[in-house]
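Remarks on the overall topology
Each chain, letter by letter, is given below.
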Amino acid sequence: MAEEGVSADSEVLERDRCPTGIEGLDNILNGGIPRGNTILFTGSCGTGKTTLSLEYLVHGALAGENCLFVSVTEASEKLMKNVIPYDFFDESLIKKGKLVFVDMPIIYERLGMTEMELSMEDVEALVRALGNLVDELSIKRLVIDSVTSVCYRLKTEEKIRNFILKVGKALSDRGCTSLLISEISPSAERYSLYGVEEAIADGIVLMGNLERRGDLLRTLQVVKMRGTNHSRAKYVLDLTPAGILLVPLLKGGSTGGN
Amino acid sequence: MPKSPSKLADELSELPPSAIALSIRDETYFDAIRGVVDRFATKKDLNTIYISAAIPSQSIIDVLKILEIDMGRIYFVDSVSHTMMSASKKVDNVLLVESSTMLENIMLKVDYLMKKGGDKGNVILLDSINALAIHNSPKILSEFVHILINNLRAKNAYILIFSIEGFSSDEINNMMSFVCDLTLDMNEEDD
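In this text the structure is predicted, and so the values were computed from the model without any measurement.

**Considerations on the overall build of chain B**
In terms of regular secondary structure, chain B is built from seven helices and seven strands. For chain B, the N- to C-terminal ordering of α and β elements is α-β-α-β-α-β-β-α-β-α-α-β-α-β. Against the globule reference of 16 Å for 191 residues, chain B gives a C-alpha radius of gyration of 15 Å, in line with a compact fold. Expressed along its principal axes, the backbone C-alpha trace of chain B runs to roughly 45 × 35 × 30 Å. A total of 191 residues make up chain B; the buried ones form 53% of that total. The long-range fraction of contacts in chain B, counting pairs at least 24 apart against all pairs at least 6 apart in sequence, stands at 77%. In the form shown here, chain B has an accessible surface area of approximately 8600 Å², with 52% of it arising from carbon and sulfur atoms.

What follows is the structure, encoded as structure tokens:
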């Protein structure tokens, strides 16, 4: 048993990391996301999921990695206008092709997916198209915002499971470290809308709005992350031009569930 | 005679980056501010991050202007103005926190200002522990001060915490003695 423990620890230590560039998050994750993992970033609206995922890509692009943002819910042009003007953001990253934005509706259109409900064949084609994009552009970091909107067109649990499994494998096989953004309602008792995504992802990061005595705090908690030891505590975050900053949530002697 | 601003600055200058509780009275309040944000910060070439929890930052800024203190390297984290609904005007060197109960956000704003300041050293002035104690329980306040001080220590910053004589409970005084490296008394007579 002791040997098993040692080997498990060694495996944890040996995994190559993909630093998010967000200092607080990298500290929580002991250096970053294990490379090749597919992580579900989940939370209700206004919790900072999109901002965090964009910062992850910007840091990757600045470090010389090719990064891809697949926007499902809104046009990437509009998205860029609403993003915090980071002090460290360099527009030439987009011109040089280090940071690429693709709108999912354009992929649907090119693949001839006009029906609202996608078939199992469509799922295969979609995963293949994403894999090809990753190959062509030598992508090392990818974000799909949001996977919930893709799942909305899949309808059945079987197709959702199939999509998440296949897309996760396709990206991981290509050494791509991916964030799947998932939307849940504030009162949800699970980590994803369909309950399938959370079971398949390599990691789950829960983002939320915590109300405490009338104050609303943005929070982040790493619930699960395969391949690394990590803190499971809740942190408070701030979205600033210097990037996302994190500090521990103060408990103040509270034993409450929130 | 209470301690002069220059004497306070001299005493602080002899210390390595530390957490210092500074005991003050009403009559030594502005001398203490002047000693820290003007004399000491200038002498050590430090940026000042002023956490105003007692009175709005604008009132402090007005006083500093009257005292002809250079405001170029003084930044405020203001947790009072929002609560008073008097934060309509955006001021460049002031970051607002919605309320004095949002202690995590105070830490985050300090962190942000330190990042923005780059390699420059920092002195963080918390004005005051008593004002924060009005809005927060001793337990959460102790946790806040403990984390704040340790975080700033790791970044080699000076932190000064104003404690107003006669307005602190034993619990707060004990906590301050525990988390701070030393206590200076602004009201103590000069030699």
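On we go.
**As for the nonpolar core**
In terms of nonpolar packing, the biggest core is built from 43 residues, with Ile124(B), Phe144(B) and Ile161(B) touching the most fellow members. For this core, the element with the highest residue contribution is helix H4 (residues 103–116) of chain B, accounting for eight residues. Setting aside chain neighbours within four positions, we find Ile124(B) in contact with Ile49(B), Ile51(B), Val110(B), Met114(B), Leu152(B), Ala157(B), Tyr158(B), Ile159(B) and Leu160(B). Among the nonpolar cores identified, the runner-up in size contains 36 residues, and Tyr108(A), Ala129(A), Leu180(A) and Ile200(A) belong to it.

**Some remarks on the pairing of strand S5 (residues 99–103) of chain A**
Judged by how many residues are buried, S5(A) sits mostly within the fold: five of five residues are covered. Of the two faces of S5(A), the one holding Leu99(A), Phe101(A) and Asp103(A) and the one holding Val100(A) and Val102(A) are both buried throughout.

**Examining the pattern of salt bridges**
Residues and elements named next belong to chain A. Tallied over the full model, the rule gives 23 salt bridges over all chains. The salt bridge involving Arg141 is made with Glu65; its shortest N-O contact spans 2.7 Å. Linking Arg141 in strand S6 (residues 139–145) with Glu65 in the loop between helix H3 (49–62) and strand S4 (66–71), this pair joins segments that are 76 residues apart in sequence. By the burial criterion, Arg141 is buried, and Glu65 matches it.

**What about the packing of aromatic side chains?**
All told, the structure shown has six aromatic pairs over all chains when counted by the stated rule. Taken together, a centroid distance of 5.6 Å and an interplanar angle of 45 degrees make the contact between Phe69(A) and Phe101(A) tilted. Of the two residues, Phe69(A) is situated in strand S4 and Phe101(A) in strand S5; the sequence distance between them amounts to 32 residues. Neither Phe69(A) nor Phe101(A) differs from the other in exposure class; each is buried. Centre to centre, the rings of Tyr29(B) and Phe162(B) are 6.1 Å apart; their planes meet at 70 degrees, and the pair counts as edge-to-face.

**Considering the interface of chain B and chain A**
Across the boundary between the two partners, chain B contributes 19 residues, which contact 21 residues of chain A. At the boundary of chain B with chain A, total buried surface from both sides reaches about 1700 Å², with 62% on carbon and sulfur atoms. Looking at the side of chain B facing chain A, the largest losses of area belong to Glu104(B), Leu108(B) and Tyr112(B), adding up to 35% of the total buried there. One can count three salt bridges joining chain B with chain A. One salt bridge in this structure joins Arg212(A) and Glu104(B), with 2.7 Å as the shortest N-O distance. Across the contact surface, chain B and chain A share eight residue pairs in polar contact (both at pLDDT 80 or more). Listing elements by their share of the side of chain B that touches chain A, those giving two or more residues are H4 and helix H6 (138–154) of chain B. Tallied by class, the residues present in the side of chain B that touches chain A amount to eight nonpolar, five polar and six charged.

**Here we look at the packing of helix H2 (residues 29–43) of chain B against helix H3 (residues 57–66) of chain B**
Residue and element names in this part refer to chain B. Axis separation between H2 and H3 bottoms out at 12 Å; the angle between their running directions is 75 degrees. Taken together, H2 and H3 sit at an angle that is classed as roughly perpendicular. Only Ile60, Val63 and Leu64 of H3 make contact with H2, whose side of the interface consists of Tyr29, Phe30, Ile33 and Val37. Here the contact of H2 with H3 is built from residues that sort into seven nonpolar, no polar and no charged.

**Focus: the packing of H6(B) against helix H7 (residues 170–179) of chain B**
Residues and elements named next belong to chain B. Look at H6 against H7: their axes get within 11 Å of each other, and the N-to-C directions meet at 20 degrees. The pairing of H6 with H7 is recorded here as roughly parallel in orientation. Handedness of the crossing formed by H6 with H7: right-handed. The residues of H7 that touch H6, namely those facing Pro138, Leu141, Ser142, Val145, His146, Ile149 and Arg153, are Glu171, Ile172, Met175 and Val179. Here the contact of H6 with H7 is built from residues that sort into seven nonpolar, two polar and two charged.

**With respect to unusual backbone geometry**
Note that the residue after Asp145(A), namely Ser146(A), is joined by a cis bond; omega there is 5 degrees. Counting through the fold element by element, Ser146(A) comes out in the loop between S6 and helix H8 (147–152). Cis geometry is adopted by the peptide bond preceding Ser128(B), which originates at Asp127(B) and carries an omega value of 0 degrees. In this structure, Glu68(B) takes a positive phi of about 55 degrees despite not being glycine. Within the secondary structure, Glu68(B) is located in the loop between H3 and strand S3 (74–78).

Calculation notes
Residues numbered from 1 in each chain as written. Chains lettered and ligands numbered in written order. Predicted model: local features only at pLDDT ≥ 70, side-chain atom pairs only at ≥ 80, totals over all residues. Heavy atoms only, no water. Helix = DSSP H or I, 4+ residues; strand = E, 2+ residues; numbered from the N terminus. Rg over C-alpha atoms; globule rule 2.2 N^0.38 Å. Buried < 20%, exposed > 50% of the residue type's maximum accessible area, 1.4 Å probe, protein only. Contact = heavy atoms within 4.5 Å. Areas by Shrake-Rupley, 256 points an atom, 1.4 Å probe, with all protein chains shown as cover. Core = buried A, V, L, I, M, F, W, Y, C linked by side-chain atoms within 4.5 Å. Salt bridge = Lys/Arg side-chain N within 4 Å of Asp/Glu carboxyl O. Phe/Tyr/Trp six-rings, centres within 6.5 Å; stacked < 30°, edge-to-face > 60°. Buried area = accessible area lost by both parts, 1.4 Å probe. Polar contact = N/O pair within 3.5 Å; in protein donor to acceptor, adjacent residues only side chain to side chain. Nonpolar A, V, L, I, M, F, W, Y, C, P; charged D, E, K, R; others polar. Axes fitted to C-alpha atoms, helices over the stretch in contact; angles between N-to-C directions. Parallel < 35°, antiparallel > 145°, perpendicular 65-115°, else oblique. Left-handed = near helix turned anticlockwise from the far one by under 90°.

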